[in-house]
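Structure assessment
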Amino acid sequence: MSIFDQHHDRHHTDSVKWDSISQTYGKENLLPLWIADMDFAAPSAVQQALLEYVKQGIYGYTMFGDDLYTAIINWQKRRHQYEIKKDEILFSPGVVPSIAISIQAFTNPKDTVMIHDPVYPPFAKMVQENDRKLIRNSLKVVDDHFEIDFITMEKQIVAEKVKLFILCNPHNPGGRVWTKTELKRLGDLCKKHNCLVVSDEIHQDLIFAPYQHETFHNVDETFADFSIILTAATKTFNLAGIKNSMIFVKNPQLKAALTAIQAKSEQDTINTFGLIGTKAAYESGEQWLTELLEYLNKNSEFTISFLQKNLPQVKFMRPEGTYLFWLDFSAYNLSDTALNKKMIEEAGVVLNGGFTFGPNGKQHMRLNIACPKDTLKQGLEQIAQAFK
Ligand SMILES: Cc1ncc(COP(=O)(O)O)c(C=O)c1O
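Residues numbered from 1 in each chain as written. Predicted model: local features only at pLDDT ≥ 70, side-chain atom pairs only at ≥ 80, totals over all residues. Heavy atoms only, no water.

**Examining the layout of surface pockets**
Rules: Put plainly, a pocket is an open set of points on a 1 Å grid over the protein atoms alone with protein on both sides within 12 Å along at least five of seven lines, a cavity is a set where a 1.4 Å probe fits but cannot get out, and a lining residue has an atom within 4 Å of a point. Grid points are joined across faces, edges and corners, and a volume is the space filled by probe spheres set on the points. Under the DSSP-based scheme used, a helix requires at least four consecutive residues in state H or I and a strand at least two consecutive residues in state E, with every element numbered from the N terminus.
In this structure, the second largest pocket spans a volume of roughly 260 Å³. If you trace the second largest pocket, you find 18 residues lining it, with Asp-67, Leu-275, Ile-276, Lys-279 and Ala-280 closest to the centre. For the lining of the second largest pocket, the elements supplying multiple residues, two or more each, are helix H3 (44-56), helix H4 (66-80) and helix H11 (272-284). Top element by residues in the lining of the second largest pocket is H11. It accounts for seven residues.

**Let's talk about unusual backbone geometry**
Just so we agree on the cut-off: Whether a residue is buried, partly exposed or exposed follows from its accessible area with a 1.4 Å probe, protein chains only, as a fraction of its type maximum: under 20%, in between, or over 50%, in that order.
In this chain, Asn-169 is followed by Pro-170 through a cis amide linkage whose omega measures 0 degrees. With omega at 10 degrees, the peptide bond leading from Asn-172 into Pro-173 counts as cis. Mapped onto the secondary structure, Pro-173 falls in the loop between strand E7 (162-168) and helix H8 (180-192). The phi dihedral of Asn-29 falls on the positive side, at around 60 degrees, and the residue is not glycine. Along the polypeptide, Asn-29 turns up in the loop between helix H2 (21-25) and strand E1 (31-32). A positive phi angle, near 50 degrees, is found at Asn-194, a position not held by glycine. Mapped onto the elements, Asn-194 comes out in the loop between H8 and strand E8 (196-200). Looking at Asn-194, the relative accessible area reads 67%, which means it is exposed.

**Re the sheet that holds strand E4 (residues 133-138)**
As a reminder, the rule being used: Paired strands are those between which DSSP finds at least two bridges. For helices, the axis comes from a line fit to the C-alpha atoms of the stretch in contact; other axes are also lines fit to C-alpha atoms, and the angle between any two N-to-C directions lies between 0 and 180 degrees.
Across the sheet, which stays open at both edges, the seven strands sit in the order E2-E10-E9-E8-E7-E3-E4 with mixed pairing between neighbours. Both outer strands of the open sheet, strand E2 (89-92) and E4, are each paired with one neighbouring strand and no more. Looking at each pair of strands side by side, their axes are set apart by 25 degrees on average, direction ignored. Note: strand E3 (residues 112-117) against E4, six bridges, orientation parallel.

**Brief notes about the UniProt feature "domain: Aminotransferase class I/classII large" (unreviewed entry) in the protein**
Filter applied, for reference: UniProt positions are given in the numbering used here, feature names are shortened, and annotations may be inferred rather than shown by experiment.
UniProt marks residues 37-383 with the feature "domain: Aminotransferase class I/classII large" (unreviewed entry), using the numbering shown here. Here residues 37-383 runs as 43% helix and 17% strand, with 21 Å between its end C-alpha atoms.

Set out below in structure tokens:
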């Protein structure tokens, strides 16, 4: 039995995944297979480091220690062959807050910011909340996976004078791990048209062999001139609640613009738990991650064979990375409201509505498979029963 088979009762922990849904849907006992956190305990080294800090009893101001920088630098080098220096790292409470400050630092109100469609919903939200013009570039579905439509992308960048592109690398939803060739073409396009790139790489460690994550700065030595990388240990090690993330910025002008925005609201200090958790995870979490990826890979294989056998009308994308399945329910010809209602009332399962990821997400749903296999099996059986 794997440690990931173990059940943890997350009810009454103020978990968004488990505790918010009875209020949202007015129904008890719904099975949550939605928002991207995992029903697995974090590595014991992380738990231990946090416990030790709690036990010493003093929770005063904390600085970014050298050991923290070393842990981040070593992790990036070892796992991603990416060389980053201490003075090229900034901290932020989260990747989404980092997207917001990047928009504020690199563009002006009414400037155009481009994202893919479908993509993680806060990309659009941050662009709109910051009063920038949002342009969506549709991904193409080719052979049951997403591909970038470079021709339309270039036309839109030129026509709309796009200043900034927010890349999801690897992609959520759908789990595409963009290849070096794809990223090179995308980077060349943005470089040609003076469009900055923010590369959200929060899913960088959640990759299934033989796929390989490419850090955007590693694709071409000039790409660091016009791009920044956002990442965190929080998605990899299930630490979203401790709120910590990093920005990797090599161009001094981009760094100055970001720090100026952070300084305006003292946003460059981080919750101590975030710093401790990140350091412990990167220093001592690697074996846990190896086991996690094996477990997720098995859950992914199980999901694929279950869907093929029991829900043949549901088209899906085999994730190359991430623990998030993108399911296409269009064969049932239901509206998004009717689809979600069926999922809640008949299947008793909560998934993310695909329409929230952009217009191309209509009639889709996103399924989170990062839970014990028997929970996943139960959820899939309930869905299959409802859609029989
Ligand atoms: C692509 C992507 N970026 C960012 C986040 C969230 O980042 P944070 O919690 O650090 O704001 C998620 C969470 O699912 C995500 O999928």
